[in-house]
Amino acid sequence: GRHINYGVREFGMAAIMNGIALHGGYIPYGGTFLTFSDYSRNAIRMAALMKIRVVHVFTHDSIGLGEDGPTHQSIEHAASLRLIPNLDVWRPGDTAETAVAWAVALQNKNKPTALLLSRQNLPYAPKDDLGQISKGAYVLSEPTEVGLAKKAQAVIIATGSEVQLALKAQELLATYKIAVRVVSMPSTTTFDKQKPAYKSEVLPEGIPRIAVEMGVTDGWWKYGCAAVVGIDSYGESAPAPVLFKHFGFTPENVADTVRKVLKK
């Protein structure tokens, strides 16, 4: 009696979740594809307005969805959800970030949370300090290759499945003797609330920033990015690996983007 099968009724699901949260006694959560958050939007906004704790688990969060095509591939949805006041939005890149996102969602007694999860499996990215994840963004990897500059020459900011892409681009850039810091930013809404000192620690001034996310680019320019590897069009119907290459989500393209920025 603790699970409800809603069928294709995203708005009904989200509205009922709000009612359960207002009644009390449960922490309601629901799941659907991220693209269908559009159908839930009025209820999500009302949850944020009413300051109630509900958890939306949105899966299939990008063109990685694959053959279902552009109708089911989220392009503008992450950016759109981030614009809703008092909604905490997380796009974790591995198991550790997902666990932290869940913990934060449970702690958010006066706001709803949206978790944006991938369809494809993602490997764990080794971390020195799990405690920084809850701040919304943290330094995941510093340049460590022998012969590189001690300080990073650029910062790659990535979310979700693109974190692995950023790490591979970092390795590729090291072969060109270009030192790059990789910042994982699972929650822009959380990071934006941090103190200026922490923000500057993660994203130092005077170093070019390049963001990587499989979605619209507009929201990333506020971080002073010199370039954004994103998608400002609809997706296509094809296997995920084919789409990643088609839209430029490859280590080679990310590395080339960084190199072009540094040559300016």
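Scroll up a little and you will see the structure.
Colleague: Honestly, a nonpolar patch on the surface in this entry has me stumped. Any pointers?
Modeller: Together, Leu 22, Met 46, Leu 49 and Met 50 line one region of the surface with nonpolar side chains, adding up to about 360 Å² of accessible area. Among the elements that line the nonpolar patch, the one with the most residues is helix H2 (residues 37–50), at three residues. Of note, Leu 49 is situated in helix H2. The class for Leu 49 is exposed, based on a relative accessible area of 53%.

Colleague: I keep staring at helix H5 (residues 162–174) and nothing clicks. Help me out?
Modeller: Working note: α-helix, 3.6 residues per turn, so residues spaced by three or four point in the same direction. Its 13 residues give H5 an end-to-end C-alpha distance of 18 Å, which sits within 8% of 18 Å, the value for a rise of 1.5 Å per residue. Of all 13 residues that make up H5, 10 are buried, and the element is covered over most of its length. If you follow the buried residues of H5, they end up packed against strand E5 (138–141), strand E6 (154–158), strand E7 (180–184), strand E8 (209–212) and helix H9 (251–263).

Colleague: For this particular structure, what's the right way to read the sheet that holds strand E4 (residues 113–116)?
Modeller: Whenever strands of a sheet pair, they do so through backbone hydrogen bonds, lying parallel or antiparallel. Read from one edge to the other, the open sheet built from four strands follows the order E1-E2-E4-E3, with strand pairing classed as parallel. Sheet topology places strand E1 (29–33) and strand E3 (88–90) at the edges, where each strand pairs with a single neighbour. Each adjacent strand pair in this sheet contributes to an overall mean axis angle of 20°, direction not counted. Two elements, strand E2 (residues 55–59) and E4, share four bridges in a ladder whose sense is parallel. If you follow His 56 over to E4, its bridge partner there is Ala 114.

Colleague: Would you explain the pairing of E7 in this entry?
Modeller: Looking along a regular strand, one sees the side chains alternate between the two faces of the sheet. Counting buried positions along E7 gives five out of five residues, so the element sits mostly inside the fold. Every second residue of E7 is oriented toward a common face, with Val 180, Val 182 and Ser 184 on one face and Arg 181 and Val 183 on the other, all of them buried. Here E5 pairs with E7 via three bridges, running antiparallel. If you follow Tyr 138 over to E7, its bridge partner there is Ser 184. Bridge analysis of E6 against E7 gives five bridges, and the strand direction is parallel. Bridge pairing in E7 links Ala 158 to Ser 184. You can see the chain leave E6, run along H5 and come back into E7, and the turn it takes is right-handed.

Conventions and cut-offs
Residues numbered from 1 in each chain as written. Predicted model: local features only at pLDDT ≥ 70, side-chain atom pairs only at ≥ 80, totals over all residues. Heavy atoms only, no water. Patch = residues over 30% accessible without salt bridge, like charges linked within 9 Å, V, L, I, M, F, W, Y side chains within 5 Å. Areas by Shrake-Rupley, 256 points an atom, 1.4 Å probe, with all protein chains shown as cover. Salt bridge = Lys/Arg side-chain N within 4 Å of Asp/Glu carboxyl O. Helix = DSSP H or I, 4+ residues; strand = E, 2+ residues; numbered from the N terminus. Buried < 20%, exposed > 50% of the residue type's maximum accessible area, 1.4 Å probe, protein only. Expected span 1.5 Å × (residues − 1). Contact = heavy atoms within 4.5 Å. Pairing = 2+ DSSP bridges. Axes fitted to C-alpha atoms, helices over the stretch in contact; angles between N-to-C directions. Right-handed = clockwise from strand over helix to strand, strands pointing away.

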